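An overview of the molecular structure
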Amino acid sequence: LEAGELDFLYNISSNSYSTLEDISDVEIYSRSGASSYYMGFNYSRDYMQDLEVRTALAQAINKEDIVNVAFTNGLGGSVSENFCAPTGLGYTEINSIKYNPDKAKATLEAKGITSKKLVLATYVSNIPIAEVVQANLAKVGVEIEVRQVDGSNWTAFKSNKQDYDIFLDYCAYQGALMYNFDRFFSSEGSSNVYGYNNAEYDKMQSYVLEGSTYEEMVKRFGELQQWVATNIPIVPLAINTQIAAAKDDVKGLVLAPSNNYIDCSKVYIPTRK
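Residues numbered from 1 in each chain as written. Predicted model: local features only at pLDDT ≥ 70, side-chain atom pairs only at ≥ 80, totals over all residues. Heavy atoms only, no water.

To continue, consider the side chain of Asn 180. Residue position: Asn 180 is located in helix H7 (residues 179-185). Classification of Asn 180 by relative accessible area gives buried; the value is 0%. In this structure, Asn 180 is in contact with Phe 83, Cys 171, Ala 172 and Tyr 173, ignoring residues within four places of it in sequence. (Helix = DSSP H or I, 4+ residues; strand = E, 2+ residues; numbered from the N terminus. Buried < 20%, exposed > 50% of the residue type's maximum accessible area, 1.4 Å probe, protein only. Contact = heavy atoms within 4.5 Å.)

Right, let's get into the pairing of strand S2 (residues 26-41). Relative to strand S7 (residues 234-247), S2 runs antiparallel, the two being bridged by twelve bridges. Its bridge partner lying in S7, Met 39 is registered against Val 235. Where S2 lies against strand S6 (residues 166-172), seven bridges are found, and the strand directions are antiparallel. Looking across to S6, one finds that Tyr 38 is bridged to Asp 169. (Pairing = 2+ DSSP bridges.)

Looking now at the packing of aromatic side chains. Any two aromatic rings considered together are summarised by their centre-to-centre distance and by the angle between their planes. All chains considered together, the criterion is met by 22 aromatic pairs. On the numbers, 6.3 Å between centres and 15 degrees between planes, the contact of Trp 154 with Phe 157 is stacked. Within this pair, Trp 154 and its partner Phe 157 are both found in helix H6 (residues 154-160), separated by three residues, close to a single helical turn. Accessibility expressed as a relative area gives 13% for Phe 157, which makes it buried. (Phe/Tyr/Trp six-rings, centres within 6.5 Å; stacked < 30°, edge-to-face > 60°.)

Time to look at helix H2 (residues 51-59). In terms of residue burial, H2 counts as a mostly covered element, since seven of its nine residues are buried. Taken as a whole, H2 has its buried residues at Val 53, Arg 54, Thr 55, Ala 56, Leu 57, Ala 58 and Gln 59. On its buried side, H2 packs onto S2, helix H4 (101-110), helix H5 (127-139), helix H9 (214-231) and S7. N-cap assignment for H2: the residue whose side-chain oxygen lies 2.9 Å from the backbone N of Glu 52 is Asp 50. (Polar contact = N/O pair within 3.5 Å; in protein donor to acceptor, adjacent residues only side chain to side chain.)

Written as structure tokens, this is what we have:
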């Protein structure tokens, strides 16, 4: 783009933002994305089934640290409090678990978690987030070993549930209203490979799906979002930001929350001398 060989490009890393910012004939575009980064738990561990433990682990994570370090001072992402991304269908503002390291430390000590060494598993692109989580948990007395897993073996590794306590991952929040909640949290969910099984969640999901109109389903889905935020099957961490750039005479470039939804059919590139 800087050399004039391209007219526009998207899916740019936040690290490139400052370089692009200094090019006089380039315009930068950004919007909230659909990729939801989160911390998950291995539910084959008895202590991860304890809501107080999960709450304390959530309270120990400073999400501002994550977006500042792993997302380049917030250019590449923003703090997430809700597993449903703001661009997702039916998104509702919820009351979430807040950063409270003192309370987290007291609970984790009382529950015996500070006497354990926990393994945090993830793959290479999430290592910067893992290092922030490791540092945050160290502040509340929890020792974390970060274990990097080969991406091609990631789903099988999570499914095995033998060699980790917590993990970091992301998903693209798009598609039907209940798509991600169903596959990650229902007892039969296709992406629920970490063993979450909660009859109350399944009942809540059925309650949403049994709404007599779409509007009623959306309202009930908002209630489900609050239930998930309170019961913490996973801990939402951050939402990505879509970044694109174009020559300043290019018109009609409109970003979508996910790369595969970006429509380039109305992009206008003028003839240049």
